[in-house]
Amino acid sequence: MRMLLVGAGAVGESILKILESRDPNREWLEHVVVADYNLSRARVVCEHLNSSDRYTPEKVDAHNENELIELIKKFHCDFVMDAASPFVSNKIFDAAFEAGAKYANMGTWSVPVDPPQYGIGLENCYKEPMTKYNFDRHEAWAERGNMACICLGIDPGVVNVFAKFAAEYLFDELYEVHVKDGGNLTIPSAGEDDIAFGFNVWTVLDECINPNVEWNRDYGFIVDRPFAGEETFEMPAGVGMNTLVKIEHEETVTIPRYLQQYGLRRCTYKIALDDNLVKALKVINALGLRSLKPVEVENVKVIPRDVVAACAPQPKDLGDEMIGKMCVGIHCKGLKDGKTREVFMYQPFDNQISMKNWKMQVVVAQTGFGAAVGIELIGRGIWKDAGVFSPEYFDPIPFLQIMDEAGFEYGIVEMDSEYKTVNDKKIMAQLFKDAAKMQNNKKKTITA
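The following paragraphs examine the structure supplied in this document. Please read all numbers here as calculations on a predicted model, not as lab measurements.

**Considering the overall build of the protein**
In terms of regular secondary structure, the protein is built from 15 helices and 21 strands. Taking 22 Å as the expected radius of gyration for a compact globule of 448 residues, we find that the protein reaches 23 Å, a close match to that expectation. Reported as C-alpha extents along the three principal axes, the dimensions of the protein are approximately 100 × 50 × 50 Å. Counting all 448 residues of the protein, 54% fall into the buried class. Element-wise, carbon and sulfur atoms account for 49% of the exposed surface of the protein, whose accessible area totals about 20500 Å². Computed over 49 positive and 66 negative side-chain charges, the inter-centroid distance for the protein is 6 Å.

**Observations concerning the nonpolar core**
If you look at the biggest cluster of nonpolar residues, it comprises 124 residues, and the most contacted ones within it are M3, V34, M81 and I330. At 11 residues, the largest contribution of residues to this core is made by helix α13 (residues 362–379). Of all hydrophobic cores here, the second largest spans 8 residues; its members include L244, F344, Y346 and M415.

**A look at the layout of surface pockets**
The gaps of empty space that remain are located by a probe, the size of a water molecule, rolled over the atoms. There is about 650 Å³ of room inside the second largest pocket. Lining the second largest pocket are 24 residues, and of these P112, D114, R290, S291 and R305 lie nearest its centre. Listing elements by their share of the lining of the second largest pocket, those giving two or more residues are β6 (111–112), α8 (201–209) and α10 (275–286). For the lining of the second largest pocket, the leading source of residues is α10, giving 3 residues. Among the residues forming the lining of the second largest pocket, the class breakdown is 12 nonpolar, 5 polar and 7 charged.

**Quick look at unusual backbone geometry**
Between D114 and the following residue, P115, the backbone shows a cis peptide bond with an omega angle of 0°. Note that P115 resides in the loop between β6 and β7 (119–120). At the junction of D155 and P156, the peptide bond is cis and its omega measures out at 5° in the coordinates. Residue position: P156 is located in the loop between β9 (147–149) and α7 (158–170).

**So, helix α14 (residues 396–406)**
Side chains three or four residues apart in an α-helix point the same way, a direct result of the helix having 3.6 residues per turn. Within α14 the residues assigned to the buried category are P396, P398, F399, L400, I402 and M403. Check the buried side of α14 and you find it contacts α1 (10–22), α7, β19 (339–350) and α13.

**Description of a nonpolar patch on the surface**
There is a patch of nonpolar side chains on the surface, built from I427, M428, L431 and F432 and spanning about 420 Å² of accessible area. Looking at where F432 falls in the secondary structure, it is placed in helix α15 (residues 418–447).

**Details of the side chain of N242**
For N242, the position within the fold is in strand β14 (residues 240–246). Here N242 falls in the buried class, since its relative accessible area comes to 4%. Looking at N242, its side chain comes within polar contact range of the main-chain nitrogen of G183, at 2.8 Å. Leaving out residues up to four positions away in the same chain, N242 has contacts with G182, G183, E231, T232, F233, M235 and A272.

**Digging into the pattern of salt bridges**
The tally for this structure, following the rule as stated, stands at 17 salt bridges. Note that E214 and K246 form a salt bridge whose closest N and O atoms lie 2.9 Å from each other. Of the two residues, E214 is situated in strand β11 (residues 212–216) and K246 in strand β14; the sequence distance between them amounts to 32 residues. Each of the two residues, E214 as well as K246, counts as buried.

**Examining the side chain of E342**
Tracing the sequence through the fold places E342 in strand β19. In this structure, E342 is buried with no salt-bridge partner, the nearest side chain bearing the opposite charge being K333 at 4.4 Å. When residues no more than four places from it in sequence are discounted, the contact partners of E342 are F171, H331, C332, K333, V413, E414, M415, D416 and S417.

What counts, and where the lines are drawn
The numbering scheme is per chain: residues are counted from 1 as the chain's sequence reads. Totals for whole chains, interfaces and linings use every residue, but because this is a predicted model, local features are given only for residues with pLDDT of at least 70 and side-chain atom pairs only at 80 or more, for both listing and counting. Heavy atoms from the whole structure form the basis of all side-chain values; hydrogens and water molecules are not counted. In DSSP terms, a helix is any run of H or I states spanning at least four residues, a strand is any run of E spanning at least two, and both are numbered starting from the N terminus. Each radius of gyration is computed over the set of C-alpha atoms, and the globule rule expresses the reference value as 2.2 Å times the number of residues to the power 0.38. The cut-offs for exposure are 20% and 50% of the maximum accessible area for each residue type, with area from a 1.4 Å probe on protein chains only; residues under the lower value are buried, those over the upper are exposed, and the others partly exposed. Using the Shrake-Rupley algorithm and a 1.4 Å probe, accessible areas are obtained, with residue cover drawn only from the displayed protein chains. Counted as positive: Lys and Arg. Counted as negative: Asp and Glu, with His and the chain ends omitted from the count. Charge placement uses NZ in Lys and CZ in Arg. For Asp and Glu, CG and CD serve respectively. As used here, the term nonpolar core means buried Ala, Val, Leu, Ile, Met, Phe, Trp, Tyr and Cys residues forming a set that is joined through side-chain atoms within 4.5 Å. The rule is simple: put a 1 Å grid over the protein atoms alone, call a set of points where a 1.4 Å probe fits but cannot get out a cavity, call an open set with protein on both sides within 12 Å along at least five of seven lines a pocket, and count a residue as lining if it has an atom within 4 Å of a point. Grid points are joined across faces, edges and corners, and a volume is the space filled by probe spheres set on the points. Here the nonpolar group is Ala, Val, Leu, Ile, Met, Phe, Trp, Tyr, Cys and Pro; Asp, Glu, Lys and Arg are the charged ones; every other residue, Gly included, is treated as polar. Note on definitions: a residue-residue contact is assigned when non-hydrogen atoms from the two residues lie within 4.5 Å. Patch rule: a residue counts if its relative accessible area is over 30% and it has no salt bridge; like charges are joined within 9 Å, and nonpolar side chains (Val, Leu, Ile, Met, Phe, Trp, Tyr) within 5 Å. Salt bridges are defined as contacts in which a side-chain nitrogen from Lys or Arg sits within 4 Å of a carboxyl oxygen from Asp or Glu. In protein, a polar contact requires one atom able to donate a hydrogen and another able to accept it; more generally it is a pair of N or O atoms within 3.5 Å, and residues adjacent in sequence count only if both atoms are side-chain atoms.

Shown next as structure tokens:
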């Protein structure tokens, strides 16, 4: 596979580091063109990697579809990984289609109505809902015999794989999937007013401030205000109690698309956000600083969001001082063996381990891992079809197997339910039976 990586930011670099560790001998990943609007950044990323002749830095304007197509054809790329800012994702998606290359991204672009009308249905809140642009072109991709896999990161991405695994193997009927993104990361030296953007600034501004979406079988999509639906949830792996709120995220669209056939009734997404970040986002939104409309400042036109993105702390510069973990997973409810069952399947990632092993902060590495596993499955021809899909469409087992091989750990918590109560009794009954057998064997030994 010859890959064009569009976007040489922190996550783009993390994807390449992980792919190189998985395929050091170029058995399925032959060459990568590392393209970015900032050529010097693309060069730096290539210099950080071991096999210098395996990577070619290039400058590209991802707004320019023709420029992207020319780059794909120039280097004979048969796969495009979109790691750029979300506002250019449609351009990159279309360029891959026109050039005949497979495509993947870690999230999609959406355009909210201004002002939004909250309630039932997406049409009063979104001109272009998340994933619609891509899924609307499914038939065109299928007719070309080509494939795109959207939403391939950690969330969305890994959690989508978890949801498919739960539907196939953990439940007979899967009623609810609630994606939860939390952690206990702290920066001990941070001031009380410091603000940290753990991920791409553009993405944070959109996901957190856009109207959030949840899905209900009876009502369809329900749109609510940013940061609604606050709840507390005990995260495993030593992370502890998190306060979570709803924000816009693609899983609430993709999971129902593929898992309704398993009995799905409800799907939500919630995340734990730092109080300072929430306050800052609310102020940015209130002042109109997330706007894409140019404003004139002393005869110079500037886009407010560009100023925020340039001034905000960058994810690639965070990490050395952070301690703690990220924990992302799915809280599932349904039926198993005629009993109600409830589980939390999750992926924990420790920042200090991430910095030691990958020299990347945890949020970046966790996202990169999800994308890298998916790219490997596409590159090796394990995930293949014609059309536009998200990870729930594919067999989850190969993905989980690579996670095991790569040390990208995951776990399952069996929560209180009828199913757990019955299973616990079965386990205890077997333990008593084994204990009685051991006692009988001891008595026979003494008698003899």
